[in-house]
Amino acid sequence: MQAQKRLTEMSSQSSGVIPVISTSQMADVLDWNFTLLKNGQKRKLGLLFYGSPGIGKTEIIKKKALEHGFPVIVIQLSAYRPSDLAGVPVPDLNNKKLEWYPPDFMEWADFPKVEVKAEVKEVLEPEHKKDWDAVVYFFDELNTVPPSVQGVALRMILEKRIGHVRLHENSFIIAACNPPNEVTHASKLTPALLNRFAVYKVVPDPDSWIEWAIENNIHPYVFSFIKSNPNMLYRRSDFEYEGSFLVTPRSWEEVSNILKGAELQGRSIKDILIRIDIAAVISDPIAKLFFAFISQLKDLPSAEDYFLGKVRSDEILENLRDKDGDINNGKTIFWISSLSQSYVKLMKVMESDNERKKLANMWWDFIKKLPEELKLFAVKTMKLYAVSYTHLT
């Protein structure tokens, strides 16, 4: 239902020539196309996703292909010349003709080498690799490829081959590229190549990224800040040495890694080295906003104190309000995350059903007082933590 709603919204978001979709809608588009592929309904066109670097295009493509059981073969065409892909002619003296030997990096053409996560490896690597129903070939950063090599991509789509090596007969081509002003040595894609793709412009989606962040253990400081400041998920500003300084979802993931690393070492967010590291990733102005936001979170009551009865839910709600009396979404999401994590830890050590029931009811007593959007977020968060609801009344 959610996917259908997002796909319906897509029609009203077109800008210029191509439709504009969010990262969550991109995932829906891939789901739909991979379902068709699984059912044997081939599309003649490939898919081309155009959007800024660091917003998650590559990861979404890999993840969705793996979810549907298709191997993903990533091809960086910009690293090769046409002659590299054609192979080397070798004389066949017995038959008095030349054979073309493909380079070793093209072994995957007949027996694909697959990028897989360990937990799904057994699903994606059957005994006979040619038995795969379909193979996804992914051209990353397609507009960094010169026109001479773009012809190779075109032949892959039209003839299912590179040079003299035939690809999997049920191949599906997906490509991604970045805006020309955000790429070094960008090449204009030829009309013939573009005509072989369904083209989508992809933009960051803060809400779906926050869901992803919780699921992937991103530090609560980070996704809470993005909830309060969604325009900071992707930010571009002038930088005196390199033209543009990009702050992207990839940057925020790195900030999370810095924060978690600091905590493991027992270092404070006030540590000057930690602050410099973070500023180097997201720029000094955004880092100052981020640190100011974190300082507000330090004043909130702890979730542990709430479950111990040291502070009431109404008192916490007052702490979560802005000066104008409205609930601050960022602060509230941080506190919901802390509350849910504490709930999970305490549930594991509770010895009786009565204790668990009391804990669950305390969690719900706070959540039910939130606005509907935040209430829904709290329930989603608990689902992501794989928490049972059996003790809720």
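What you see is a predicted model; the values in this text were computed from it and never measured. (Residues numbered from 1 in each chain as written. Predicted model: local features only at pLDDT ≥ 70, side-chain atom pairs only at ≥ 80, totals over all residues. Heavy atoms only, no water.)

Caption draft 1: The overall build of the chain, seen in detail. Secondary structure summary: the chain contains 17 helices and 12 strands in total. For the chain, the proportion of its 393 residues judged to be buried stands at 46%. Nonlocal contacts in the chain, meaning residues at least 24 apart in sequence, comprise 70% of its contacts between residues at least 6 apart. (Helix = DSSP H or I, 4+ residues; strand = E, 2+ residues; numbered from the N terminus. Buried < 20%, exposed > 50% of the residue type's maximum accessible area, 1.4 Å probe, protein only. Contact = heavy atoms within 4.5 Å.)

Caption draft 2: Geometry of the nonpolar core. Judged by nonpolar contacts, the single largest core of 60 residues is most densely connected at Trp 209, Trp 252, Ile 278, Ile 282, Phe 290 and Phe 366. With 25 residues, the next largest nonpolar core counts Val 29, Ile 60, Phe 138 and Val 202 among its residues. (Core = buried A, V, L, I, M, F, W, Y, C linked by side-chain atoms within 4.5 Å.)

Caption draft 3: Representation of empty space enclosed by the protein within the structure. Following the criterion strictly, the structure yields one cavity of 30 Å³ or more and no others. Estimates place the volume of the largest cavity at around 50 Å³. Lining the largest cavity are Arg 43, Lys 44, Leu 45, Gly 46, Ile 157, Lys 160, Ser 171, Phe 172 and Ile 173. If one sorts the elements of the lining of the largest cavity by residue count, strand E9 (residues 171-177) sits on top with three residues. (1 Å grid on protein atoms, 1.4 Å probe; cavity = no way out; pocket = protein on both sides within 12 Å on 5 of 7 lines; lining within 4 Å. Points joined across faces, edges and corners; volume = space filled by probe spheres on them.)

Caption draft 4: Broad picture of helix H6 (residues 147-159). Over its 13 residues, H6 runs 18 Å from end to end, which matches the ideal 18 Å to within 8%, given 1.5 Å per residue. Turning to H6, its buried residues are Val 149, Gln 150, Val 152, Ala 153, Leu 154, Met 156 and Ile 157. Immediately beyond the C-terminal end of H6, within one or two residues, lies Lys 160, with a positive phi of roughly 60°. (Expected span 1.5 Å × (residues − 1).)

Caption draft 5: Seen up close, the sheet that holds strand E10 (residues 197-203). Read from one edge of the open sheet, six strands run E1-E10-E2-E9-E6-E3, paired in parallel fashion. Across the chains shown, the open sheet's two edge strands, defined by having one partner strand only, are strand E1 (20-22) and strand E3 (72-75). Each adjacent strand pair in this sheet contributes to an overall mean axis angle of 30°, direction not counted. Taken together, the three bridges between E1 and E10 define a ladder with parallel strand orientation. Along E10, the bridge assignment pairs Ser 22 with Val 203. Relative to strand E6 (residues 135-139), H6 is tilted by about 160°, and along the sheet it contacts E3, E6, E9 and E10. (Pairing = 2+ DSSP bridges. Axes fitted to C-alpha atoms, helices over the stretch in contact; angles between N-to-C directions.)

Caption draft 6: Geometry of the pairing of E9. In terms of burial, E9 is largely enclosed, as seven of its seven residues are buried. Here E9 shows two buried faces, one formed by Ser 171, Ile 173, Ala 175 and Cys 177 and the other by Phe 172, Ile 174 and Ala 176. Alignment of strand E2 (residues 46-50) against E9, held across four bridges, turns out to be parallel. For Phe 49, the partnering residue across the bridge sits in E9 and is Ala 176. By the bridge criterion, five bridges tie E6 to E9 in an arrangement that is parallel. Residue Val 136 lies in a different strand from E9, and its bridge partner there is Phe 172.

Shape is all these values report; function is a separate question.
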